[in-house]
Structures are given as structure tokens and as C-alpha cells.
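# Chain and residue survey
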Amino acid sequence: MIHIFRKEMKKWSTVLWVVFVAMALGSGVTLFFKSGPGLDDFQVATINGKKVSYANYRRSFNDVQERINSLREYARMIGISDEMLLKSLFGASDPYQMALDRCIKDELVDQVKDSLSIKIDPDYFKEEFLKLIPRNFIDQEGSLNMEAYQAYLGRLSTTPVEYEKNKENEIKRSLVERIVGASSYTPSYLLQEEFEESHAQKSFSVAEFALDSFLQKAKTNVPTDQQLMEFFEKRKDRYREPDKKKAWYCSISANEYAKNIDITEEAVQSFYEKNKSALFRIAPKIKVRRILVRVSADHMASEAMKKAQTIYEQAKQKPNEFADLAKLHSEDKESAKNGGLIDFFSSGSYDRDFERAAFRLNEPGQISDIVRTASGYEIIQLVERVKASEKSLESVQEEIVNTLKAKRALTKLKSDLEIMHQKAKTDDNAVEAFVKSLGLNKKDSVWLTKDDAEIKNVTGVLAKHLFSRGEKQAKTGYFFNNGVYVIYQLVDSQASFIPKFADIKSTVLEHYYKNTAKNDLKAVIKEIKFGVFNKKASFAQLAKKHGIKLIDTGLVKKGDTISSLKNAGELTAEMFGLTSPEQLLQHKNKDVYYLAQVQEVKPFDKEEYLKTQAKMGSEQKIMNNAQQMRAFIASLQRNATIDVDKTVLKGQQGS
């Protein structure tokens, strides 16, 4: 028996052998889902030859859902979607994929755990088990409240044996994770460097090289036509005009087409008879009285049940006095004022367990058994039931006519569009004639390029269709966009070409000046860096020589706002990595270049560092452990051939 649990992790001098075990595990992951009786026993996956049941996946999914539900209120409170919150916290937004990933990860770790033959000491298991279950199941003496515990397992639809076996596996998994995490180490000098970088005060000199100033100087040297022509010839592909296309287009909706569709009374009657039970059904409704005994905590369930049982026996003996009992005992104060009365409601209005019991009552005055709901224990009495019925034909006639018109209009429109499209292959006037017959208004597009297909509007979709078929593209077509059909016809096209130099001489000249300015700017930066590194002159002297403005930051700490560098992007964060005046940091933000040099480093407070060293080490250890575990899992996955069938997730989402 290996008693890992009461030992310190220092006994594990290395975990390389764990990694070797992991690397020895190699096979594949194949997934498929089945339905029918005994679903939990079906195989969901095989990982390195070991089967994983649907029950494993279901447990993972339930855990994920529980975490999502616990975060949902927080997401609403800070005003973001569930999907965005999941992505930011867990790196994924699909609970099915998250559950599958977790299931695979747990199985990979389980295989490592099993290879180590870890045994759990009973006393240690009890100690850890009490930490894993909800705190409200523990009484004041620190023991397990069996009544609350069994009620909790009932809600989870699991047995004590199954639940405790799962918790035992969780404990063993956590031990493997602790072993892996224990192999991470942060040297003290790295902690000191991190502290110094975030707490030390430094002053900097920053040279700012604005391209505009170099551009003005460049424009004082006008190039000859020969120089400009040579510049153009070397870069002429950058001036190439792309393929362009023009088209006219117009739109039509099925609603417009429906105006010309006539629906007979016989068609309306037939549709009503075929669909009245599905589309026009009025769900049954019931009126009931309720008596609620709330359960404030699971350990109070037994006491609440005794109280509900006493009330139930009184109600069964005198059902005509149910309203009086509700006024006296029900803890739903709102309904209690009216004798527990809840007015007519249909399914989907209240707690599922409450409704299930209520709708099973058939006769007025009939009383349900005691029902456990999310609110507590409830006793329900039927007051009145309204049977399911169907809306009259007269009340839904207009709705049916509109439905049939829309359906037939859409079918006819799609058919007419396809006929038009086929005719256009042999008749150049077919599309024009079709549009004219419907009285549609045509719009002309601007010149469109392939890049315009990225635009998120009708013009973008038009560009996508015009350029989607290459050389063999049709001149006409139609597509569906934002609820309407768009018909189009190509009007003109222009092949890609390079303009003549004379036509774009002014543009080339601007590019020439900008290119010259960039080269001059980079040459000055190179000269300053060379001078500093070779100690030819000081940073300030070299900047002055070239007329470059120096910004003196004064003593600042990392994270401080430096107003003179507010437009410098990430420079203010990056320059805190400088430790000596012999170093220069080069940075570019848009068209402005920077050189930064540290001038003074004020020593950090070593006493303050010593005070926080232990805390920093502990925080770093937590981060390192998490990174180490992620790397370990990634290693396990790399050494297994994982082939996931994505249709499994789709099938779950659709079920």
C-alpha cells in the first residue's frame, strides 16, 4: 500500500518516471454515441485501448453544466453573455466540447494513476472526502449528516457507492496532479528579478523619431524622372490594379410574391384539419391550491418533511378545509393569503416536479402525495381542470391563409428564379425580361474587387458571387440575403493591369519621398545605436546632433502613466526590461520610431522584498503547478493518437 497522502511532496525528487509512464501509453481515441436502454453502459470512447462509458461523459457534462449555472448569474451581473464568460474563463464556449475534453483528460490521468497503483488510506479518504462534499452536509461536530447526504444523492440520481468511488478517483487524480506540479521550481533570483521589475524606480531618456519630420526633409531633394522611373520599375507590382466587375442588381421577397397567390377555402379547411391538433391546440389548464413547507438547507430536510407529513394527514382527513390549512401553514405567503390558490396555468409555468404532481390530479378536491420541489415539500389540491381543446377555424383562418401564401409564394419564387437562371444561359435578355415583368427597380453597383467580398452587406455578397467562379463565372445569378432574393447581372469587367507611369507619377513621387524618409530615419537610428554601443558619444549628444527630441521621464515605476509617451503603444511596458545605460530599446508604433535608454535605476527596498518573498513564491508555485499540469496533459495527448468524431457533439446538441 502506498501512503502518499500524509507524506510531504519533497519525497518525490523527480516525476520523470511519471512522464515515461505517460509516454508509454499510446493508442487512439475513437468516439460514438448510441441511444436506447442502458445508455450509460454503452461505449463512448476508447483511449489507449481502454473503454470509456457514456456514464463518464454524462458525469463530465453534468459537472460542466453545474459550473456554468453557478457562473450564469455572475455573467448577467457584469453584463456579458454566457458564451463570452466561458471563453474568457475556460478558453471554450461549447459545454459539450468542454465535457468531452474533460472526459478525455480524466481518463488519461486515470491511466497514469492506475499505473502507479495508488492505494487510499481509509482515514485519509474520510478526511479528504469531507472536504469535497458541500459544507452544509457536515454537522457541528464535523461528521456527515446522513439524511442530508442521502437527499443530495437522490437529486443527483446516484448511489453512495458510485458517488464515493468517483470521489476516490478524484482524490487519486489530485495526487497525480500534485506529483506533477511538485516538479516545477522557480529559482529565487527569478522571483527577485520579477519583484525588482515591478517595484524598482527607473528614469529613461526616449528619442522620438517622427516620420513626418524626415518626410519634409526628403521632399527638399526632388528626384529626376529617371530616378523616379527606376523606383517605379522596381516596385511596379504594388501599383497593379485588381480585377474589377460591375453589375446591376435588384431584390424581391416571398412576401411581395405572395400578393399574387390565391388560397381557396378548401385549402384552408384541409390545412386546418391536418394540423389543428398540433398547431392550434389549446393546452389543458388547471387551478390548484398549494401548501408549501420550505427547506432552507439540506440538513433541515428531515424536520421539514415531518411538518409536511402532519399537515398532509390533516388535509387528507378534511379535504374541504384545505384552504384553511394553507392559510395557517403554507410558507408561500403570497398564495397563502388566498387559501393557497394558484389560478389557471398550463405546463411550463412552474417547477417541473410541482407541475408533474399537479397535472396527475384528475378530480376537483383530489390531493397529491407530498412532493419535493426546488422550494421544499408541497401538498397540492386540484380545484378545477380545463381540458385541452382546439382553436376554431374562424379564429385562425387569416393565420392559415398567410401561412399557405408564404409557403406557396416561396416555392413559386424559387421555381421562377431557377427557370430564369436556366433561360439566361441561352437568352441574354431573360433576366432583364423577368425583372421587368415584376416591375422591380434595378440598382447599379460601383466597381467591385475580390476584396469587397469581405464587406458585410449586399454589395459584399454580390462581389463574392461575381468573383467566386473564376473564368467560367456566369453573367447572371441570384442569391438569398437578409430575407430577400437578390437577382444580378454582370454589366462590365476590367482585367488586372499595371497603370502607365505617366498616369500615376504623382502617386509614385509620394511613395518615393516616404521610402526615402524611412531609409533616412533608419540610418539615423542605426548611427545612434552604433555610437552608443561603441561609446563614440552619449545618447543625448547623438540625438542632439541629428536634431532628435529627447523625452526625460524622470523616476517612474512599471505601470505608471507617462503622459509624454501616451501615444507610444507598448513602449512604456517594454522599456522596464532595460537594466543598463549600455542597452537601447528600439520600438515602433505606427509611423513613429523610438529609442529608449535607462538613465537611473533606484534600488528596490530589499526589506520589502524579503517580506513578500514567501507570498510571491507561493503565488508563483500555484501558477507553475497549473502550467506544469497543462504541459503534462499536452504530453499525454501528443503521445496518444486522438481521433474525435465531431458528429458526436452535434448529435448531443441536437438531442
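### A look at the sheet that holds strand β10 (residues 376-386)
One open sheet holds the 4 strands; their spatial order is β8-β7-β10-β9, and the pairing between them is antiparallel. The open sheet has two edge strands, β8 (341-345) and β9 (371-372), and neither has a second partner. Note that strand β7 (residues 285-294) and β8 share 3 bridges and pair antiparallel. Bridging across to β8, Val288 finds its partner in Ile342. Contacting β7, β9 and β10, helix α13 (residues 301-317) crosses the sheet at an angle of about 35° to β10. Along the sheet, helix α14 (residues 322-329) contacts β7 and β10; its crossing angle with β7, the most-contacted strand, is approximately 40°.

### So, α13
An ideal rise of 1.5 Å per residue puts 24 Å on 17 residues; α13 measures up with 24 Å between its terminal C-alpha atoms. Restricting attention to buried positions, one finds in α13 the residues Ala301, Ala304, Ala308, Ile311, Tyr312 and Ala315. With its buried residues spanning 110° around the axis, α13 presents them on a single face. Of the residues in α13, the exposed ones pointing more than 90 degrees away from the buried face are Glu303, Lys306 and Gln317. Looking at the buried residues of α13, the elements they touch are β7, α14, β9 and β10.

### Considerations on the pairing of strand β17 (residues 592-602)
The pairing of strand β4 (residues 201-210) with β17 spans 10 bridges and is antiparallel. Among the inter-strand pairings, Ser203 is bridged to a residue of β17, identified as Glu600. In this sheet, β17 lies alongside strand β16 (residues 585-589) in antiparallel orientation, the contact comprising 5 bridges. Looking at the pairing, Gln586 lines up with Leu595 of β17.

### Some details on the nonpolar core
Counting residues in hydrophobic clusters, the biggest one holds 36 residues, and the most contacted among them are Tyr57 and Val176. The element contributing the most residues to this core is helix α4 (residues 95-115), with 9 residues.

### Quick look at the environment of Lys529
Within the secondary structure, Lys529 sits in helix α20 (residues 505-533). Put simply, Lys529 and Leu542 are 13 residues apart on the chain and 9.1 Å apart in space, counted from C-alpha to C-alpha. With sequence-adjacent residues up to four places away left out, Lys529 is seen in contact with Leu584, Gln586 and Leu595.

### Let's talk about the side chain of His587
In this fold, His587 is placed in strand β16. Polar contacts involving the side chain of His587 include one to the side chain of Glu574, which spans 3.2 Å. Here His587 is in contact with Ala568, Glu570, Leu571, Glu574, Val592, Tyr593 and Tyr594, once residues within four sequence places are set aside.

### Concerning the sheet that holds strand β5 (residues 244-252)
Reading across the sheet, the 4 strands line up as β12-β5-β14-β13 and stay open at both edges, with antiparallel pairing between neighbours. The strands lining the two open edges of the sheet, one partner per strand, are β12 (443-444) and β13 (476-481). The sheet contact formed by β5 and strand β14 (residues 484-494) spans 9 bridges and is antiparallel. Among the inter-strand pairings, Lys244 is bridged to a residue of β14, identified as Gln494. The strands that helix α17 (residues 393-424) touches are β5, β13 and β14; relative to β13, the one it contacts most, it runs at about 155°.

### Here's the deal with the packing of helix α10 (residues 225-235) against α20
The N-to-C vectors of α10 and α20 enclose an angle of 85°; their axes lie 10 Å apart at closest approach. Classified by the interaxial angle, the pair formed by α10 and α20 is roughly perpendicular. Contacts between α10 and α20 involve Asp225, Gln227, Leu228, Phe231, Phe232 and Arg235 on the former and, on the latter, Lys505, Val508, Leu509, His511, Tyr512 and Asn515. Looking at the contact of α10 with α20 residue by residue, the class counts come to 6 nonpolar, 3 polar and 3 charged.

### Overview of the confidence of the model for the protein
Of the residues in the protein, 77% reach a pLDDT of 70 or more, and the chain-wide mean stands at 80. Under a pLDDT of 50 for its full length, residues 1-39 has, in the predicted model, 87 contacts with residues more than four places off or in other chains.

### Details of unusual backbone geometry
Located in the positive-phi region is Lys535, a residue other than glycine, with phi close to 55°. Residue position: Lys535 is located in the loop between α20 and α21 (539-545). On the basis of relative accessible area, Lys535 is assigned to the exposed category, the value being 66%.

### Considering the side chain of Ser445
Within the secondary structure layout, Ser445 lies in the loop between β12 and α19 (458-466). Classification of Ser445 by relative accessible area gives buried; the value is 10%.

### Re the packing of aromatic side chains
The way to describe two aromatic rings as a pair is by their centre distance and the angle between their planes. One pass over the full model with this rule turns up 13 aromatic pairs. Judged by centre distance (5.9 Å) and plane angle (85°), the ring pair of Phe345 and Phe359 falls under edge-to-face. Remark: Phe359 occurs in helix α16 (residues 352-359) and Phe345 occurs in strand β8; sequence separation between them is 14 residues. Assessed through its relative accessible area of 5%, Phe345 is described here as buried.

Rules used in this analysis
Residues numbered from 1 in each chain as written. Predicted model: local features only at pLDDT ≥ 70, side-chain atom pairs only at ≥ 80, totals over all residues. Heavy atoms only, no water. Pairing = 2+ DSSP bridges. Helix = DSSP H or I, 4+ residues; strand = E, 2+ residues; numbered from the N terminus. Contact = heavy atoms within 4.5 Å. Axes fitted to C-alpha atoms, helices over the stretch in contact; angles between N-to-C directions. Expected span 1.5 Å × (residues − 1). Buried < 20%, exposed > 50% of the residue type's maximum accessible area, 1.4 Å probe, protein only. Arc of directions from axis to C-beta. Core = buried A, V, L, I, M, F, W, Y, C linked by side-chain atoms within 4.5 Å. Polar contact = N/O pair within 3.5 Å; in protein donor to acceptor, adjacent residues only side chain to side chain. Parallel < 35°, antiparallel > 145°, perpendicular 65-115°, else oblique. Nonpolar A, V, L, I, M, F, W, Y, C, P; charged D, E, K, R; others polar. pLDDT = per-residue confidence, 0-100. Phe/Tyr/Trp six-rings, centres within 6.5 Å; stacked < 30°, edge-to-face > 60°.

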